[in-house]
Amino acid sequence: MKLVCSKANLLNGVQIVSKAVPSKTTMSILECILVDATNGEIKLTANDMELGIETTIEGQIIEKGIIALDAKIFLEIVRKLPDSDITIETDASFKTVITCEKAKFTIIGKSGEDFSYLPAVERDDSIVISQFTLKELVRQTIFSISDNDNNKLMTGELFDINGDEFKIVSLDGHRKIQMKNSYAPKKVVVPGKTLNEVSKILPGDADSDVTISFTEKHIVFEFDKTVVVSRLIEGEYFKIDQMLSSDYETKVKVNKKEFLSCIDRATLLVKEGDKKPIIVNITDNGMELKINSALGSMNEEIDIQKQGKDLMIGFNPKFLIDALRVIDDEEVDLYMVNPKAPCFIKNIEESYIYLILPVNFTTVA
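Residues numbered from 1 in each chain as written. Predicted model: local features only at pLDDT ≥ 70, side-chain atom pairs only at ≥ 80, totals over all residues. Heavy atoms only, no water.

Caption draft 1: Inspection of the side chain of Glu157 at higher detail. Along the chain, the position of Glu157 falls in strand β11 (residues 156–170). The side chain of Glu157 sits in the buried core without any salt bridge; Arg175 is the nearest counter-charge, 10 Å away. A polar contact is formed between the side chain of Glu157 and the side chain of Thr141, at a distance of 2.9 Å. A polar side-chain atom of Glu157 sits 3.3 Å from the main-chain amide nitrogen of Ile142. (Helix = DSSP H or I, 4+ residues; strand = E, 2+ residues; numbered from the N terminus. Buried < 20%, exposed > 50% of the residue type's maximum accessible area, 1.4 Å probe, protein only. Lys, Arg positive; Asp, Glu negative; His and termini not counted. Salt bridge = Lys/Arg side-chain N within 4 Å of Asp/Glu carboxyl O. Polar contact = N/O pair within 3.5 Å; in protein donor to acceptor, adjacent residues only side chain to side chain.)

Caption draft 2: How the structure looks around the pairing of strand β24 (residues 352–356). With 5 of 5 residues buried, β24 lies mostly within the body of the structure. Along β24, one buried face is formed by Tyr352, Tyr354 and Ile356 and the opposite face, lined by Ile353 and Leu355, is buried too. As paired elements, strand β23 (residues 343–346) and β24 share 4 bridges and run antiparallel to each other. If you follow Ile345 over to β24, its bridge partner there is Tyr354. (Pairing = 2+ DSSP bridges.)

Caption draft 3: Geometry of the packing of aromatic side chains. A full pass over the atoms with the stated rule returns 5 aromatic pairs. Here the aromatic rings of Phe115 and Tyr117 are separated by 6.4 Å at their centres, their planes lie at 85°, and the arrangement is edge-to-face. Among the residues examined, Phe115 registers a relative accessible area of 4% and is labelled buried. Among the aromatic side chains, those forming a connected cluster through ring pairs are Phe143, Tyr352 and Tyr354. Over the face of the ring belonging to Tyr335 we find Lys346, whose NZ or CZ atom lies 5.0 Å from the ring centre. (Phe/Tyr/Trp six-rings, centres within 6.5 Å; stacked < 30°, edge-to-face > 60°. Lys NZ or Arg CZ within 6 Å of the ring centre and 35° of its normal.)

Caption draft 4: View of the side chain of Asn47. Within the fold, Asn47 resides in strand β3 (residues 42–47). For Asn47, a relative accessible area of 4% gives the class buried. For Asn47, the side chain forms a polar contact with the main-chain oxygen of Ser116, separated by 3.0 Å. Within the structure, the side chain of Asn47 is placed 3.4 Å from the backbone oxygen of Tyr117, a separation counted as a polar contact. In contact with Asn47, other than residues within four places in its own chain, are Ala20, Pro22, Leu30, Gly52, Phe115, Ser116, Tyr117 and Leu118. (Contact = heavy atoms within 4.5 Å.)

Caption draft 5: Summary view of the sheet that holds strand β19 (residues 296–302). Strand order in the open sheet made by the 4 strands is β19-β18-β17-β21, with antiparallel pairing throughout. Of all strands in the sheet, those bounded by a partner on one side alone are β19 and β21 (311–315). Here the average twist between neighbouring strands, direction ignored, is 15°. Across 5 bridges, strand β17 (residues 278–283) lies against strand β18 (residues 286–293) in antiparallel orientation. Across the sheet, Thr283 pairs through a bridge with Gly286, a residue of β18. (Axes fitted to C-alpha atoms, helices over the stretch in contact; angles between N-to-C directions.)

Caption draft 6: How the structure looks around the pairing of strand β8 (residues 95–100). As paired strands, strand β7 (residues 85–90) and β8 are joined by 4 bridges and run antiparallel to one another. Paired with Thr90 across the two strands is Thr96, which belongs to β8. Taking the residues that link successive antiparallel strands as the turn, the β7-β8 hairpin has 4 residues, and the phi of Phe94 there is positive, at about 70°. As paired strands, β8 and strand β9 (residues 103–108) are joined by 6 bridges and run antiparallel to one another.

Caption draft 7: Quick peek at the nonpolar core. In this structure, Leu10, Phe74, Leu134, Phe159, Phe166, Ile212 and Phe221 are the most contacted members of the largest nonpolar core, which totals 58 residues. Those residues in contact with Leu10 that lie beyond four places of it in its chain are Cys5, Leu44, Ile57, Phe74, Val78, Ile86 and Ile88. Counting residues in hydrophobic clusters, the runner-up holds 35 residues, among them Ile278, Leu320, Ile321 and Leu324. (Core = buried A, V, L, I, M, F, W, Y, C linked by side-chain atoms within 4.5 Å.)

Dropping the structure here:
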């Protein structure tokens, strides 16, 4: 095999597919990136058997061929080469020579025939949304998934499609958008890792689309010249809708930036790993936020618009910060029932809803 391409094209392609290279594996071939120039185009592929990414890059194929190269070494070599054309040449013994201007690297690859290709997935059941929309939906929900491998469903997000409504649900919140077209109802649970990696490599262009295809066991994302294939998480997702009560005894409208800044300041007095709550005291005169820890105490008042009863409630400040950071509205509405019931942060249209459980501050503070 012999091919030539610009450093920019090659580096971009290698960085995209390297997201699917496993950090630990007993199969050394999975630590590689497949360079396939057998069918008139240069394809790069990585696959950890749960997530696979394939992208096509522009370049000149002088001699057709295929080779699997160690992903870490390949990426570092390409990254540190001059900004010029790169030539990759292999022989029958898999010796691979990478040259760029006066730099020349020789590494030993592996047979491309041993590589685990992406599974063939039917594209019959698909939806289309903009890259920007998908990137935003993931950004605004991914923080609330769990890293608890004991329950796989908690490590994923629910894609709930019904007609022209597309809802993404993670454990503590969900976002909802209207799509241009209408689709048959479907619900699948997508691994959080997959969505994280898709979000990183997705350009996010508002004028470009992503085609998302579904099968019983896989989901496929196609955009630009990139294909991402991932296994789905099996099982029925938590019935979040049953938790989303519209009842409330106290409603508060508050400036998001001011509220977030106040909570952020309060966390200065909380050591990492400490579970000290922030106590929110809501009265007609405003909202007082208090925190008391071994490092000291803080209290601050914020102007609010209040409906309903006075309330004192405690929260883990991190959960409030995570939700507020991804909300773009200038003001946010908080809906609460009592100190032991969930607090909902949502807008009137309910295009987003974040559910935050309170902390029993009488025993923790």
